[in-house]
Amino acid sequence: MNSTRALTQIVVAMVQALAATGIETRPLLRELGLPENLSGHASNIDLEISNTQFATLFHRIKELTGDESFGFDTAEKVPGGNFEALTQHMLTAATLTEGLQQAQRLSILMRGDSSRFSIVWGKGVIRMGFHREQVDGDIPTQVLAINDAVHLYWWARFTNWLVGSALELNGVELADQNEANLELYKALFSCPIQLGGTENTFVIADKYGDYPIVRSGNDLANFAADGGGWLAGMSEQTKLSYSQRVKAVLMQSIGEEMPSLEQTAQQVKCSTATLRRNLALECSSFQLLKNECREETARELICRQDVTIADVAHQLGFSTSAAFNRAFKSWTGETPGEYRNRQD
């Protein structure tokens, strides 16, 4: 199955799930410039859907259902603000394992016994996914199955986004037993698929658990604004450049001793030579990025009246205030005191 046909079936399942809640879908489809009888064409057309159309559909379903799971988690609505709270909590973690552990705890705290989120470590892998509760209503089993797969794919891509790298999936297990959907799932995940499981899960090597979380609050806003672009395979947001990954690692160490080039290479999972070479290809260097992190942090801290200039120098790893003053003036053309006075 090609990616266009797979995307068509995903969109159809999303629209059918929306219609099953009693919401009239034709006005939305007209708004997007899509066929009003789209649900009748799942298996016989390849519909060209743009990034903008998909992102708009994604957001509109969220708005119309009042559900932060974007219409995928049809067993129970997720109230507004849950995703942001969960992600902000994960962004404070140093590694993917720590972030997933925090997500699991927060999910249980927010949803109690209704939490269907599951993460299991063992035998060299991390298994992550959810189970489907019995759903009341008239939503067809086929629609639920495809939406579950899309929901799982969302988590896989979100995990990639957190660490700024494409993590290879060892395999996917889906509760769906319909062999007719197998080609769709293969096109979606590009890894071995097992149908008829007890849960919907994907499996990655546990080595990825040591990958640093490199995203920030600003990245989260951009991720949300992108809507479904990442889901349709039309967005390059998942993968960060080497410069971005190094900078994220360095920013996490502000206030402590900054890691060396060798230590940073270990954290971004490459050799020192590979890191140095790729930074050069991006017209950057380790020392340049280190200085950028120091400058950005210095500009921010200098504007805070509750932090002394000596404290700023110490947090940024300068041996003396005089050394920091020289560096700051080379960055801004002003001494720290002059810069602070001008900001008041």
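Just above sits the structure.
Small disclaimer: the values here were computed from a predicted structure and weren't measured.

Reading guide: rules and limits
- Residues numbered from 1 in each chain as written.
- Predicted model: local features only at pLDDT ≥ 70, side-chain atom pairs only at ≥ 80, totals over all residues.
- Heavy atoms only, no water.
- Helix = DSSP H or I, 4+ residues; strand = E, 2+ residues; numbered from the N terminus.
- Buried < 20%, exposed > 50% of the residue type's maximum accessible area, 1.4 Å probe, protein only.
- Areas by Shrake-Rupley, 256 points an atom, 1.4 Å probe, with all protein chains shown as cover.
- Salt bridge = Lys/Arg side-chain N within 4 Å of Asp/Glu carboxyl O.
- Arc of directions from axis to C-beta.
- Contact = heavy atoms within 4.5 Å.
- Pairing = 2+ DSSP bridges.
- Axes fitted to C-alpha atoms, helices over the stretch in contact; angles between N-to-C directions.

A. Molecular detail of the overall build of the protein. The helix and strand tally for the protein stands at 15 helices and 5 strands. In the protein, which comprises 344 residues, the proportion classed as buried is 50%. Summing over all exposed atoms, the protein offers an accessible surface of approximately 16,400 Å²; the carbon and sulfur share of this is 48%.

B. Summary view of the pattern of salt bridges. As enumerated under the stated definition, the model contains 10 salt bridges in all. Note that arginine 60 and glutamate 31 form a salt bridge whose closest N and O atoms lie 3.3 Å from each other. Highlighted residues: arginine 60 in helix α3 (residues 51-65) and glutamate 31 in helix α2 (residues 26-32), separated in sequence by 29 residues. For arginine 60, a relative accessible area of 23% gives the class partly exposed. The partner of lysine 186 in a salt bridge is glutamate 183, and the shortest N-O contact between them spans 3.8 Å. Taken together, the residues span about one helical turn, with lysine 186 and glutamate 183 both in helix α7 (residues 182-189) at a distance of 3 residues. Three or more residues joined by partner-sharing salt bridges are found here, namely Glu31, Arg60 and Glu63.

C. Up close: helix α15 (residues 336-343). Where α15 is concerned, the buried positions are Pro336, Tyr339 and Arg340. Viewed along the axis of α15, the buried residues span an arc of 100°, placing them on a single side of the element. More than 90 degrees from the buried face of α15, the exposed residues found are Asn341 and Arg342. Close packing links the buried residues of α15 with α12 (286-302), α13 (309-315) and α14 (321-332).

D. Structural context of the sheet that holds strand β4 (residues 193-195). If you trace the 5 strands from one edge of the open sheet to the other, you get β1-β2-β5-β3-β4, paired in mixed fashion. Of all strands in the sheet, those with a lone pairing partner are β1 (117-122) and β4, marking the two edges. Put simply, the sheet's adjacent strands are angled 15° from each other on average, direction ignored. Pairing of strand β3 (residues 171-174) with strand β5 (residues 200-205) involves 3 bridges; the strand directions are antiparallel. Bridge assignment links valine 172 to a residue of β5, and that residue is phenylalanine 202.

E. Looking closely at the pairing of β5. Across the 6 residues that make up β5, a large majority, 6, are buried. The alternating pattern of β5 places Asn200, Phe202 and Ile204 on one face and Thr201, Val203 and Ala205 on the opposite face, and all of these are buried. Pairing analysis gives 6 bridges linking strand β2 (residues 125-130) to β5, with the strands arranged antiparallel. Across the sheet, the residue bridging to glycine 129 is threonine 201, located in β5.

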